[in-house]
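Listed here are the chains, written in short residue letters.
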Amino acid sequence: MPKTAHVTCPLCEATCGLSVSIDGGTVTDVRGDRDDVFSRGFICPKGVSLGALHADPDRLRAPLVKRDGEFVEVSWDEAFAEIDARLRPIMAEHGNDALAIYAGNPSIHNVSTTLYGPVLYRAIGTKNFYSASTVDQMPKHYTSGYLFGAPLSIPIPDIDNTQYLLMLGANPLVSNGSLMTAPDIRGRLKALRARGGKLVVVDPKRTRTAEAADEHHAIRPGTDALLLFALVNVLFDRDLVTLGMLAEHTAGVAGVRALAEPFTPEAVAPVVGIDADMIRRMAVALATTERAVVYGRVGTTTQEFGTLASWLVDVVNVLTGNLDRPGGAMFPTPAASAPGSSKPFRHGRWRSRVRGLAEVYGELPVATLADEIETPGEGQVKALLTVAGNPCLSTPNSERLDAALGQLDFMVSLDVYLNETTRHADVILPGPTPLERPHYDLAFYQLAVRNVANWTPAALSSDLPQEWQTLLRLLGVVTGQGPSADIAALDDFVAGEFAKRTGVDVAAAASRVGPERLVDLLLRAGPYSLTLADLEAAPHGVDLGPLTPRLPGALKTASGMIELAPEAITADVPRLAARLDDAPNGQFVLIGRRQLASNNSWMHNLETLVRGSNRCTVQVHPDDAAGLGLTGGALAKVSSAAGTVELPVEVTDVLRKGVVSIPHGWGHDADGARMSVAAAHAGANSNVLTDDGPLDAPTGTAVLNGIPVQLTPA
Ligand SMILES: Nc1nc2c(c(=O)[nH]1)N[C@H]1C(S)=C(S)[C@@H](COP(=O)(O)OP(=O)(O)OC[C@H]3O[C@@H](n4cnc5c(=O)[nH]c(N)nc54)[C@H](O)[C@@H]3O)O[C@H]1N2
Ligand SMILES: Nc1nc2c(c(=O)[nH]1)N[C@H]1C(S)=C(S)[C@@H](COP(=O)(O)OP(=O)(O)OC[C@H]3O[C@@H](n4cnc5c(=O)[nH]c(N)nc54)[C@H](O)[C@@H]3O)O[C@H]1N2
Ligand code: SF4
Ligand SMILES: [Mo]
């Protein structure tokens, strides 16, 4: 019997509702679900390809074990026997820190790995925990932690109600939004302009989002913190600071004022490449528009001053009275959230062994993972577990990391492909596809522009264990219970712990197991007292209304105040001040870009997504191309301090002069990978060029934008 399943797409942060037509286990159609309470029918090319992903013959359908250098398919029992036999001795001899973990981006888009991953990671208790966060949003966790007391208290632009949106380093018309869950961004931005609101985009490139904006300012890469500091300077200088309701809950305003003094519009203008009058106008507009908000994303977090830029976004929102008010930057009220720490945030609870880099939010910078593997001595990383991650393409100086993974004594990957990273594994444990697993977007409803909740039951059955079961089985191995631990008992234990932490009686969800039970418990503990049954009865989701003010209740700082100028952040200001003399010197710099039909590194094995315009090229401004002797379509050699790649040139005037752009996630030519379509569209890996040396100082987040490069015809 043909059926239609209503699923929440787990591929990106937009959480679109999709209608999936299924006939006899085959997906015959995927389209936007018009009745979805949040996305109202929106879909993108990746969502359309969920059926192709499910059907991909290269997708792994059985565990693989490497024997004499070749992967062979084995049973789950054999795979776990191998892990038990090889991992346990390493942990026994070298300690748990010798096992590093890398959790990738899809692990947060998957309810099994979101809920059960941390259970395993805590049991391992290694200092060497790494994730995609330190090539992404870690500065935002850090600044939220220090300003508001909790790393997940991230203010989200109230895009549906704002009248002025200043957007830096984000291209949501392509990325579909990040740290701003908002399906159909194009529609929402159109609505903003239709009600007389204004969109201002700051980006070195005239992106699709910039094209759709009222103003675009082509900033010089890496200088957003200077621009934002100048806005702060103007707010004080022109007496435009109006904290309003926030005044009695905010500490550190005088400190910010003093720090902003040197950053006048005139001082920063030659460095950022936006003129002083324009900077003043932006500040005045932010202060005088009734509902205004500043929003910064990947272009502001993965750069040299990621933390300062992220902080200053919040500072401007506070100083203009726009934090926690409709049309400003608001804290969502999710229906369910994983229990967090009750202690105020602090970082540096441990440091990395080789470079002494500080822990932030339980993890170390992935830019130093290769150091920890390569450098001998007490505490050296000998083994690695990857969970839905492809660091060999995603992290800086990836050729070095790729070589380092080859030196490990043992590696296990939970992954759906044999790819650039998992080819180094000794055992690969595959998980079901998005259509074969239940879904609840625990992470992204916490970052959504509207409060919504939507539960997705698995649309198709699977022969593969669910990933929560695989993670619990690994938990059994690392805790010495052997390769066949009692998963049901472990799950009962986990549920009991959740119940304790949330204060809900575990018996309430007694008829369920796995993530269904945990989500049910979290919903019951949540602010709307929903149950999973409520959501099961609403296949198109439950709309819980617009964002509402949450301060001071949401503040978890020790003082109970917004700490606007914490030392852990302001200590980095002198490093920025030193850049005031750093005018452009003719050096070309590389930035990244996202592509509508890509999903970081891992969806290039689907023909429908690698056709047409989804190509890995280096974009160069026409004047620069002429000066460098580069022609469109011909190959260029691009070199940096870290490495060299060759790829076709695309000449386009959308870039700021002196800036070139390469998308990340390509470079699918590794020996031993099993992704035939991707290999035929290999492209070049931009992270061969990014450097693992210079980092955002406070958080160790990688600098992926503003990389000095040289270009020559190849
Ligand atoms: N130069 C440059 N580099 C970047 C960026 C950039 O802008 N520029 N962006 C960075 C950002 S923001 C991010 S988030 C990272 C992403 O970095 P990663 O998370 O390391 O990489 P992904 O490409 O998301 O790869 C995810 C892996 O998960 C697997 N996978 C997919 N779905 C599942 C699943 O359901 N279960 C399991 N077990 N595995 C699954 C895929 O096969 C793939 O191996 O890249 C970063 N790297
Ligand atoms: N189609 C698609 N969607 C995705 C992804 C994908 O790979 N493909 N990845 C997902 C992930 S993991 C994430 S984190 C989000 C990211 O979501 P976004 O942050 O919206 O992603 P980008 O398109 O990379 O936008 C970053 C922008 O920053 C600009 N930029 C670069 N350097 C600077 C700078 O120094 N200053 C300023 N102001 N701008 C700069 C770039 O030109 C680019 O336009 O997207 C998610 N959605
Ligand atoms: S925008 Fe994101 S959530 Fe929506 S269909 Fe595309 S990939 Fe899925
Ligand atoms: Mo990301």
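Criteria and thresholds
- Residues numbered from 1 in each chain as written.
- Chains lettered and ligands numbered in written order.
- Predicted model: local features only at pLDDT ≥ 70, side-chain atom pairs only at ≥ 80, totals over all residues.
- Heavy atoms only, no water.
- Pairing = 2+ DSSP bridges.
- Helix = DSSP H or I, 4+ residues; strand = E, 2+ residues; numbered from the N terminus.
- Axes fitted to C-alpha atoms, helices over the stretch in contact; angles between N-to-C directions.
- Contact = heavy atoms within 4.5 Å.
- Near = heavy atom within 4 Å.
- Polar contact = N/O pair within 3.5 Å; in protein donor to acceptor, adjacent residues only side chain to side chain.
- Areas by Shrake-Rupley, 256 points an atom, 1.4 Å probe, with all protein chains shown as cover.
- Nonpolar A, V, L, I, M, F, W, Y, C, P; charged D, E, K, R; others polar.
- Domains from an automatic or database assignment.
- Buried area = accessible area lost by both parts, 1.4 Å probe.
- Salt bridge = Lys/Arg side-chain N within 4 Å of Asp/Glu carboxyl O.
- Expected span 1.5 Å × (residues − 1).
- Buried < 20%, exposed > 50% of the residue type's maximum accessible area, 1.4 Å probe, protein only.

Focus: the sheet that holds strand 13 (residues 292–296)
Pairing between the strands of a sheet is mediated by backbone hydrogen bonds and can be parallel or antiparallel. What the four strands build is an open sheet, ordered 11-10-9-13; its pairing is parallel. Each end of this open sheet is capped by a strand with a single partner; those strands are strand 11 (215–217) and strand 13. Neighbouring strand axes in the sheet, compared pairwise and without regard to direction, differ in orientation by 15° on average. One ladder, built from five bridges, connects strand 9 (residues 164–168) with strand 13; its direction is parallel. Looking at strand 13, one finds that leucine 168 is bridged to glycine 296. Across the sheet, helix 14 (residues 306–319) is in contact with strand 9 and strand 13; its angle to strand 13 comes to roughly 175°.

Remarks on the site of ligand 2
Surrounding ligand 2, one finds 31 residues, the nearest of these being Asp203, Gly222, Asp224, Ser598 and Asn600. At a separation of 2.7 Å, an oxygen atom of ligand 2 approaches a polar backbone atom of glycine 222. Within the side chain of aspartate 224, an N or O atom sits 2.6 Å from a nitrogen atom of ligand 2. Taken by itself ligand 2 offers 920 Å² of open surface, and the protein chains cover 97% of this. Those elements that place two or more of their residues in the shell around ligand 2 are helix 6 (172–175) and helix 13 (298–301). If you tally residues by element for the shell around ligand 2, the top one is helix 6, at three residues. Here the shell around ligand 2 is built from residues that sort into eleven nonpolar, 14 polar and six charged. Residues lining the shell around ligand 2 come from more than one domain, with at least three contributed by each of domain 3 (158–325 + 555–576) and domain 4 (585–713).

Some points on the domain arrangement of the protein chain
Domain assignment breaks the protein chain into domain 1 (1–55), domain 2 (60–152 + 330–548), domain 3 (158–325 + 555–576) and domain 4 (585–713). A C-alpha centroid distance of 31 Å is found between domain 1 and domain 4. Every contact between the two is made by six residues of domain 1 and, on the other side, nine residues of domain 4. Both faces combined, the contact of domain 1 with domain 4 buries some 670 Å², and carbon together with sulfur accounts for 75% of it. Looking at the side of domain 1 facing domain 4, the largest losses of area belong to Leu11, Pro45 and Lys46, adding up to 59% of the total buried there. At the boundary of domain 1 with domain 4, the tally comes to zero salt bridges. Viewed at the interface, domain 4 and domain 1 are joined by two residue pairs in polar contact (both at pLDDT 80 or more).

Section: helix 18 (residues 467–478)
With twelve residues, helix 18 should cover 16 Å at 1.5 Å per step; its first-to-last C-alpha distance of 16 Å lies within 8% of that length. Counting buried residues in helix 18 gives eleven out of twelve residues, a clear majority hidden from the surface. Every buried residue of helix 18 is listed here: Glu467, Trp468, Thr470, Leu471, Leu472, Arg473, Leu474, Leu475, Gly476, Val477 and Val478. Backbone geometry just downstream of helix 18 places glycine 480 in the positive-phi region, at approximately 80°.

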